[in-house]
Each structure stands twice: as C-alpha cells, then as structure tokens.
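Survey of secondary and tertiary structure
Below, each chain spelled out in residue letters.
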Amino acid sequence: MGKHWYHCFLRENTREAPPRCPASLLNALLVGGVLLTLFAFAFSRLEYDFHWHGVWAYRSKFLQGLGMTLVISFFSLFVSFILGLLFALGQKSRILPLYFLSRYYVEIIRGTPLLVQILVFFYVIANAFHVHNRYVTGVMILSLFAGAYISEIIRAGIDSIGQTQWETGRSLGLTRFQLYRFIIFPQVFKRILPPLAGQLVSLIKDSSLLSIISVSEFTLNAQEVNAYTYSTLESYIPLALGYLVITYPISHWSKKLEKTFAYET
Amino acid sequence: MKKILFWIGLSGLFFSGCLSGEKDVLRVGMELAYPPFEMTDTNGTPAGISVDMAYELGEYLGRPVQISNISFDGLIPSLKTGKIDMIISSMTITEERSRSVTFSNPYSKAYLALLLNRDSPVESVEDLNKKGRVIAVKKGTTGHLYAREKLPSARINVFDKESACVLEVVQGKADAFIYDQMTIFTQWQKNIKTTRAVLEPFQDDFEYWGIAMRKGDPKLHGQVNAFLLEFKKSGGFERLAEKYLSKEKEIFESLGIPFFFSP
Amino acid sequence: MRLSIRQLTKYFEGKAVLDDISLELSDVHSLAVIGPSGGGKSTLLRIIAGLLVPETGKVAINGREIPVEEEYLRRYRMTIGMVFQSYNLFPHLTALENIVLPLQRVHHMGREEALSQSGRLLHRFGLSAHGHKKPALLSGGQKQRIAIARAVAIRPSFLLFDEPTSALDPEYTSEVLDVIEELREERKDLILVTHEMGFAKSVADHVLFLDEGKIVSSGTPSEIFENPAEKRLRVFLDKVLKY
Ligand SMILES: Nc1ncnc2c1ncn2[C@@H]1O[C@H](COP(=O)(O)OP(=O)(O)OP(=O)(O)O)[C@@H](O)[C@H]1O
Ligand SMILES: [Mg+2]
C-alpha cells in the first residue's frame, strides 16, 4: 500500500510536538513562508513611507524601555506567583476570614479592568499610604492583578488532584504542609504549567498598561518615540518584535518543563 | 428565497455604504476631546470650533464632510496611511511635524501655560529646569515637546490623558503640567484649592495652529489656504469665537492676559 | 492485637453509616471484614486508621484509645500501614521514592538508610527491577505490591487493607494476596476488608460481617462461612459464592 502524496502534511503522534525531520521542517517553512507573504503583501499595499533612521536614533530609548519591562515583569512574576500561591491556599483554608478574603480578592480583581485598577491603586490607595514611587506601585498592582488569576489556576489545579492522594498522604502521617509540599504541589505544578505560562506571557504584555501612570516601560517609550518622530509603524513594529522576544522563551521553557515533568515516561 | 434576497440586499447596502462616493467625501480627522474646539454635543455628534470650520470648508469645496474621531497621536499616522484627508484638531505647526505632513497657513495662535501644585516652590517656567523638578505632560502635545527641548534638567513624566496629568499636579506627584492656556485655565478653576496657574505666555514665539494634509497634493493645499483667507476676511473666526468662547474671552480680558484664540 | 470498639456511630449526611457498633476482641492477628457494598466497611476501617473521626463512641487498640485531636491523630497514623483499593501511589514519584518519602519525611530516617531499607523491601517483594519506574508504567499488581511495601516499610504496629485486590485484573490478584499471606505468616497484625471470601477464610482468624452499619455476625471463619447463623449473612454468602 503506497503512501498518498498528502501524507507529507500529516503526522502520526498528535500528543507531542512533531519530530525534527525533513517533512516537518518543510511544513514549518511552508507555513512561515505563506504568513510572511501575507504580511509582505499587506505592507506593500500600504501607502506609507518608512523612515527607519528617525526611529533608529532613539534605539537606546527602546532598549531602556525593554529593560524596564523586563525588570518590572521579573519582579511582578515573582510577587504574583507568591500572591497566587498564598491566595490559593487561602481559598483552601479552614479559616473562614482567610477564605473570604481570598474569594473577594479574586472576584474583585478578575471582575474589574486592569486600567481602572492601576488608576485607583496609584492615585487613591497608594497615595493614601504615601507610596509615591510609580515603579513600586506598578509592580504591586501588576502582581495583585496577575496573582488573582494565578491563584485561580493553582486552586483549580489543587482541586483536580484526586481525594485518594490526600487520604493516602494523610494515612502515612504527613503533615498538612508536607502534603502540599511533597504530594500536591509537585502534581499541581505539572498540570498548571501550560495555563501558568500563558498567564506569565499575559503579565508581560499587561505591563504595558502601566504606561498610563507614566512608568517608562517598553510600550510608553515606543509611544514617545512615535510622538517625537511621527513614525508610527516604525515605532510599533520593533515594539511587537521586542515583546515576542521576551515572551517566546517563556513558552519554549514551559514546553520543556512540561516534558521533564511528564510522569508517564 | 425571499430571506436570501433580503440578506443580499442588506449586505449590498452595507458595502455600498463603505464604498460610495469615496472620491469626493472630505474625511477630516480630529480628537474630539478638546472643548470647545473639538468635542461632541450631548447626542454624541461632533461639535465645536474645528467641526464648524470643517463643515464650512466642505461647503467652500463643494464636498460632503465626514468627521473621524481619532486619538491625537494617531492623527498623523492616519493621515499618512490615507485613512483621512486632513487634520483639523488644534494642531500646532512644528518643524518635526512638518517633516511628515504639510500644514496650511496658520489660522490661530496659541500659548502654553503651567498648572502648578499649590505647595510647589516653582514660580515660573525657569524654575522648572532644575534637578528634582517633575513635569507632567500629555504624550505628543507641544507641551511634551517643549519640556523635552527646553527643560532637560527636569524629570518628565508622560501620560496618555490630560486628566492624569492634572491629577499628578493635584496630588503633588508633579510640580507642573504644561499644556495650552485655555485647558490650564479651566483645570485651575476646577482645582482652585490645590493648584495655581501661570497663564502669561512664556514661549519665545507663539504656537500656530494649522490644518495638516498629506504631502504632495498642492491643489488641495492651495484650496485650503484660499478658504482660510476667505473665512478670515468674512469674519468667520470672530463668529466662531463669539459662539463658543465668549465667556472665556471676557475673563481673560478682565485678568489682563492675552487671549489665545485671536487669528 | 486487642481491639475494642464501644458504641461507635458515624453519620454521613444525616444517615448512620455505622450504627452503634460495639466489639471486643482480645487476641486477634488477622481480622477480615466482609459485607455488601455500602455496608460501612471502609468507614470502619478509616476510623481505625485515624482518617475519620466518629460522632460518638470509642475505639481502642491494645488498650490505647484512638485520639480525636488532629496532631495526635497524625502521630497515631504514623504507626499504621494502610493500603487502599487503588490509586495508592503518588504518580509523580518513582516506585522507590514512594517508599522512601514517608521514611524520610515522616519518620526522619536518613536518606541513605531510607534508600537501602526501601531497596531491601523491593527486593523482598520481587520488585527490584521496577524501583526506578513511575507508577504509570507499572501493572496493577505491581502497584499494589509497592503500596504494601510502603505500608510495611515504616514497621507499623498493624496493617489495614481496604479491598486491596478489587481494582485488579484477576491475573494480578494472587500476587498481591500472596504478599498479604506472607505478612500474616510473619505474625503481623492486620485488618482486611475483602470480597475474596476464599482468602478471608484461609487467612483470617476472625471475621466480621457488616451490613447496613451494624455488625450482623462476628466469629471464626468456620462459624461465619460453614455454619452461618444469620439469615442476612447466608443470603450474602449465597450471592457472592454463587459463581
Ligand atoms: N465521605 C462520604 N460522604 C458521604 N457519604 C459517604 C462518605 N463515605 C461513605 N459514605 C456513605 O457511607 C456508606 C458506607 O460507605 P462505605 O464506603 O463504608 O461502604 P463499604 O462497605 O466500604 O462499601 P464498598 O464495598 O462499596 O466499598 C455508603 O452509603 C456511602 O455512600
Ligand atoms: Mg469500601
């Protein structure tokens, strides 16, 4: 039985990424080529003179913005993960005030726009407590925002672990802390890795909203360059590429981790 | 069958709405967030001095006018990519902008002014050019460009919205907000307890407002300049000032400060 | 083992799952609990394991009462080996680490010692070749034997089994039962909930028949299986021994 021609577009195993072989390389290049052609066509239809030199003069501003976005994202990732963890445990806590605090937190943050949260947090709450540093406030509000989502992801992950795992752990005499530490979290972490990675990528992109309180991160700096040079696309195309450059490693890294954590193999 | 015909007819209407008369409609872009020049009335229809001007221009050219509400820093890109035919949005003529668009002859002068925090030690624009001073500006405005060029020692925080700049000054996070005289005046009146204003002009030269058009259309440029001349001669600007700015004009005159909408 | 249960009652959603149970056994080494589904066997076992706290009543083993306060309960659980029906093992740990974890973390044994003790147990149960595997790669029988090894590893004062073979394919049942039989021969005390009547008969020195939350019959295997006095027990045995 000979193979049909369309078999070079198919793969056997849909559970894993396709293997590195000429066929998948060909497909990857093909799709990439089609997308590029599409973009090239769209841009060729554009009546727009590109003036890259104007933007090039501001390259250090782009780099500073990129650096600031990286720094803000890094701290926010860290803090939001800790907040997410604490509030997930709060939601699972036997202590009712902790439970309600965690529920209110999640519902309020998830139910309101980040834009409003940033404005209210910076101009009302932080102001009332005499915190005027917009970078510190920015990291705090971003962490609170992402933390709510991460806490829901972690909580759902904890809920997805079967009752017998808890009972077995308890029957062995593990403390509650040890149960979480050695039994539940290692399994939860593997399960929530994909949504967690997605959330971290969102966090990096959401950090651009801090521009409204004049945190000079990547997006604000690109917008400023646009304002100085009136070169919109020349400012925003590097912006998009810059974000891609920082978010792609996260997706890549999470895929790798997923593989490491797969119990089956 | 009838249903299908109905939908075909409807979609036809929809598409024709997009395409019809593309040739002669005059598409004017402005940010409807700067009363009384560019704003919307209570029904949400565009209104204000620039809007009236646009309709007068359309009448002069014999072309129907379509107003597009576009954020200020999106105006020039929209013009450059052909989404609109001109910008009438209280836009100051600057050298940098002139590199990417062509301006008509100026139709109005303008000044920058300062909104200051009540407790800030700043008294004049010179005081701002020091280490440790913080200035709030709205992104892409002449205030932003002025601060960047003339006040390099100060820290400049850039915002999307005028309201955020005002809040920064009110809360003392910034010493000053640099913006046009009329806005500063209105905001100072609104926040009289927490702010002060410097309304006297401090720039070496006035700012001039012009109508921006794409480069390389001398015919339209000529028509627009001819219209402005004609409109000025027939007292059109006085009529508009009377209609929209009578109260402000009076207050400014009583304060002895030159009023900016004076062609 | 001396087992004493006094007026034990456990409710679930308003329904008495264990209904005022009392029992005194002065010297029992392997106790089998049988009965129809939903009769309360697992509930009783989980109370004895310190995983559930009853509404009323007391359970004492070898004269020591099972505590009710969580921290004391946890310490009590440390001294017991329990094997559930299935999904016993931690899927993210290798077979070996499944045994090592409680030794190291709960019983504070040094890692080296824990590893060598776990290795010896694996060897004893014929599982040396599988120690490095995650549970997903093991057969049902192998998994249950690992679970038993883990329960034995901590040198428990007694062992509890809740239907350890009922989730297994028949071909794996005997390898698990063999291990339990072996433990009994070593005079390890054990309590076993099972549907394997033949096994209960041969292994147990005492049998309880639990139905609708009550101990309907209690006696030696021959009393229970050869001369069932109670009607309900006879009906039950007829049903399970039919094929
Ligand atoms: N956590 C629980 N919440 C509510 N009801 C429960 C719970 N655990 C057990 N029950 C109920 O208690 C009754 C006895 O359950 P138990 O598991 O002790 O029975 P069993 O004799 O072990 O049955 P099986 O042979 O099916 O395992 C059943 O009706 C069951 O539905
Ligand atoms: Mg049961």
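Structure shown above.
Residues numbered from 1 in each chain as written. Chains lettered and ligands numbered in written order. Predicted model: local features only at pLDDT ≥ 70, side-chain atom pairs only at ≥ 80, totals over all residues. Heavy atoms only, no water.

1. Overview of the overall build of chain A
Applicable threshold: The secondary structure listing takes helices from DSSP runs of H or I that are at least 4 residues long and strands from runs of E that are at least 2 residues long, numbered from the N terminus. Burial classes follow relative accessibility: with a 1.4 Å probe on protein chains only, a residue under 20% of its type's maximum area counts as buried, one over 50% as exposed, and anything between as partly exposed. Contacts: residue pairs with any heavy atoms within 4.5 Å of one another.
If you tally the helices and strands in chain A, you get ten helices and zero strands. Each helix and strand of chain A, placed in order from N terminus to C terminus, yields the pattern α-α-α-α-α-α-α-α-α-α. The C-alpha extent of chain A, read off along each of the three principal axes, is 75 × 70 × 25 Å. The proportion of buried residues among the 265 residues of chain A is 43%. Counting only contacts in chain A whose residues sit at least 6 apart along the sequence, the fraction spanning at least 24 positions is 74%.

2. So, the site of ligand 1
Residues and elements named next belong to chain C. Going by this rule: Nearness is judged by heavy atoms alone; a residue qualifies as near a molecule or strand once a single heavy atom is within 4 Å of it. Think of a polar contact as two N or O atoms within 3.5 Å of one another; within protein, one of them needs to be a possible hydrogen donor and the other a possible acceptor, and neighboring residues in sequence only count if both atoms come from side chains. Asp, Glu, Lys and Arg are counted as charged, while Ala, Val, Leu, Ile, Met, Phe, Trp, Tyr, Cys and Pro are counted as nonpolar; the rest, among them Gly, fall into the polar class.
Taken together, 14 residues lie near ligand 1, and Ser37, Gly38, Lys41, Ser42 and Thr43 sit nearest. One of the side-chain nitrogen or oxygen atoms of Lys15 is found 3.5 Å away from an oxygen atom of ligand 1. Lys41 places a polar side-chain atom, nitrogen or oxygen, 2.8 Å from an oxygen atom of ligand 1. Residues that form the shell around ligand 1 fall into these classes: three nonpolar, seven polar and four charged.

3. Some words on the sheet that holds strand S2 (residues 15–25) of chain C
All names here are of chain C. Let me state the cut-off plainly: Any two strands with at least two DSSP-identified bridges between them are counted as paired.
Spatial strand order, S2-S1-S4-S5: four strands in an open sheet with antiparallel pairing. Lying at the two open borders of the sheet, with one neighbouring strand each, are S2 and strand S5 (64–65). Of the strand pairs in this sheet, strand S4 (residues 56–61) and S5 are connected by two bridges, and their pairing is antiparallel. Across the sheet, residue Ala60 finds its bridge partner in S5, namely Glu65.

4. So, the pairing of strand S10 (residues 155–159) of chain B
Residues and elements named next belong to chain B. We apply this condition: Handedness of a crossover is defined as follows: orient the strands so they point away from the viewer, and if the path from the first strand over the helix to the second runs clockwise, the crossover is right-handed.
In this sheet, S10 lies alongside strand S9 (residues 134–138) in parallel orientation, the contact comprising five bridges. Within the sheet, the bridge partner assigned to Lys138 lies in S10 and is Phe159. Running through helix H6 (residues 142–150), the crossover from S9 to the neighbouring parallel element S10 is right-handed.

5. A few points about the interface of chain A and chain B
Threshold: Defined in terms of a 1.4 Å probe, buried area is the accessible area two parts forfeit on being brought together, summed over both. Note on definitions: salt bridges are taken to be side-chain nitrogens of Lys or Arg within 4 Å of carboxyl oxygens of Asp or Glu.
In this assembly, 22 residues from chain A lie in contact with 23 residues from chain B. It is A:Tyr123, A:Tyr228 and A:Tyr230 that lose the most area in chain A upon contact with chain B, and together they represent 35% of the buried surface on that side. Inspection of the chain A/chain B interface yields one salt bridge. Salt-bridge contacts for A:Arg134 lead to B:Glu168; the nearest nitrogen and oxygen are separated by 2.6 Å. At the boundary of chain A and chain B, one finds eight residue pairs in polar contact (both at pLDDT 80 or more). Looking at the side of chain A that touches chain B, the elements with two or more residues in it are helix H5 (114–128), helix H6 (134–159) and helix H9 (218–229) of chain A. A total of six residues in the side of chain A that touches chain B trace back to one element, the largest contributor, which is H9(A). Partitioning the side of chain A that touches chain B into residue classes produces twelve nonpolar, seven polar and three charged.

6. Let's talk about a nonpolar patch on the surface
Residues and elements named next belong to chain A. Our working rule: Without a salt bridge and with relative accessible area above 30%, a residue can belong to a patch; like charges are then joined within 9 Å and nonpolar side chains (Val, Leu, Ile, Met, Phe, Trp, Tyr) within 5 Å. Using a 1.4 Å probe, the Shrake-Rupley method yields the accessible areas, and only the shown protein chains count as cover for residues.
On the surface, a cluster of nonpolar side chains totalling about 1300 Å² of accessible area is made up of Trp5, Tyr6, Phe9, Leu10, Leu30, Val31, Leu35, Leu38, Phe39, Phe43, Phe50 and Trp52. Per-element tally for the nonpolar patch: the top contributor is helix H1 (residues 22–44), with six residues. With respect to the helices and strands, Trp52 occurs in helix H2 (residues 52–56). Residue class for Trp52 comes out partly exposed when judged on its relative accessible area of 40%.

7. Some words on helix H1 (residues 41–48) of chain C
Side chains of residues three or four places apart in an α-helix project in the same direction, reflecting 3.6 residues per turn. Residue and element names in this part refer to chain C. Among the eight residues of H1, six are classified as buried, and the element is accordingly described as predominantly covered. Every buried residue of H1 is accounted for by Lys41, Thr43, Leu44, Leu45, Ile47 and Ile48. Looking one or two residues beyond H1, the residue adopting positive phi is Gly50, at roughly 80°.

8. A short note on the nonpolar core
Applicable threshold: To define a nonpolar core, start from buried Ala, Val, Leu, Ile, Met, Phe, Trp, Tyr and Cys residues and group those joined through side-chain atoms within 4.5 Å.
One finds A:Ile183, A:Ile184, B:Ile87 and B:Met91 to be the most contacted residues of the largest nonpolar core, which totals 50 residues. When residues in this core are grouped by element, the largest group, twelve residues, is from helix H8 (residues 176–206) of chain A. For A:Ile184, the residues in contact, after removing those within four places along its chain, are A:Ile158, A:Ile161, A:Trp166 and A:Leu179. Formed by 39 residues, the second largest nonpolar core is a distinct cluster that contains A:Val106, A:Ala146, A:Leu203 and B:Ala164.

9. Regarding the side chain of A:Gln187
Residues and elements named next belong to chain A. With respect to the helices and strands, the residue Gln187 is situated in helix H8. Gln187 sits in the buried class, given a relative accessible area of 1%. A distance of 2.9 Å separates the side chain of Gln187 from the side chain of Gln165, its partner in a polar contact.

10. Examining the packing of aromatic side chains
Two aromatic rings, taken as a pair, are described by how far apart their centres are and by the angle between their planes. Keep this limit in mind: Stacked, tilted and edge-to-face pairs are distinguished by plane angle, under 30 degrees for stacked and over 60 for edge-to-face with tilted covering the rest, among Phe, Tyr and Trp rings (Trp via its six-membered ring) whose centres lie within 6.5 Å. Any Lys NZ or Arg CZ found within 6 Å of a ring centre and within 35 degrees of that ring's normal is scored as a charge over the ring.
Enumeration over the complete set of coordinates arrives at 23 aromatic pairs over all chains. With 5.3 Å between their ring centres and 85° between their planes, A:Trp166 and A:Tyr180 make a pair best called edge-to-face. Taken together, the residues A:Trp166 in helix H7 (residues 163–171) and A:Tyr180 in helix H8 connect sequence positions 14 residues apart. Overall, A:Trp166 belongs to the buried group, its relative accessible area being 15%. Looking at A:Tyr180, the relative accessible area reads 9%, which means it is buried. Each ring, one from B:Phe177 and one from B:Tyr179, has its centre 5.1 Å from the other, and the planes form 20°; the classification is stacked. Judged by its relative accessible area of 0%, B:Phe177 falls in the buried class. Take B:Tyr179: its relative accessible area is 9%, and that puts it in the buried class. Taken together, the ring pairs in this structure connect B:Tyr60, B:Tyr107, B:Phe227, B:Phe231 and B:Phe237 into an aromatic cluster. The ring of A:Phe122 has B:Lys173 sitting right over it, with the charged end atom 4.7 Å from the ring centre.

11. Observations regarding the sheet that holds strand S14 (residues 212–213) of chain B
Residue and element names in this part refer to chain B. Spatially, five strands are ordered S4-S1-S5-S14-S6 in an open sheet, and the strand pairing comes out mixed. Every other strand in the sheet has two partners, leaving strand S4 (65–69) and strand S6 (102–103) as the edge strands with one partner each. Bridge count between strand S1 (residues 26–30) and S4: five bridges; the pairing is parallel. The residue of S4 that forms the bridge with Gly29 is Ser68.

12. Some thoughts on the interface of chain C and chain A
Residue-level contacts link 24 residues of chain C with 20 residues of chain A. Surface buried jointly by chain C and chain A totals about 2100 Å² across both partners, of which 60% is contributed by carbon and sulfur atoms. Applying the counting criterion to the chain C and chain A interface returns one salt bridge. Of all the elements in the fold, those that place two or more residues in the side of chain C that touches chain A are helix H2 (70–77), strand S6 (80–83) and helix H3 (95–106) of chain C. Per element, the largest residue contribution to the side of chain C that touches chain A is four residues, and it comes from H3(C). Its residues assigned to classes, the side of chain C that touches chain A shows 14 nonpolar, three polar and seven charged.

13. Regarding helix H7 (residues 162–170) of chain B
Among all positions in H7(B), only B:Glu162, B:Ala164, B:Cys165, B:Val166, B:Glu168 and B:Val169 are buried. A positive backbone phi angle near 75° is found at B:Gly172, which sits one or two residues after H7(B).

14. A word on the pattern of salt bridges
Residues and elements named next belong to chain A. With the rule as written, the count across this model stands at 32 salt bridges over all chains. Note that Arg110 is salt-bridged to Glu152, the shortest N-O span being 3.7 Å. Placement of Arg110 in helix H4 (residues 96–111) and of Glu152 in helix H6 is noted, with a sequence separation of 42 residues between them. According to the relative accessible area criterion, Arg110 is partly exposed, its value standing at 35%. Here Glu152 falls in the buried class, since its relative accessible area comes to 11%. For Arg155, the salt bridge identified is with Asp159, shortest N-O distance 2.7 Å. With Arg155 and Asp159 both in helix H6, this residue pair falls four residues apart, about one helical turn. It is possible to trace a salt-bridge network through shared partners that takes in Lys92, Arg103, Glu107, Arg110, Glu152, Arg155 and Asp159.

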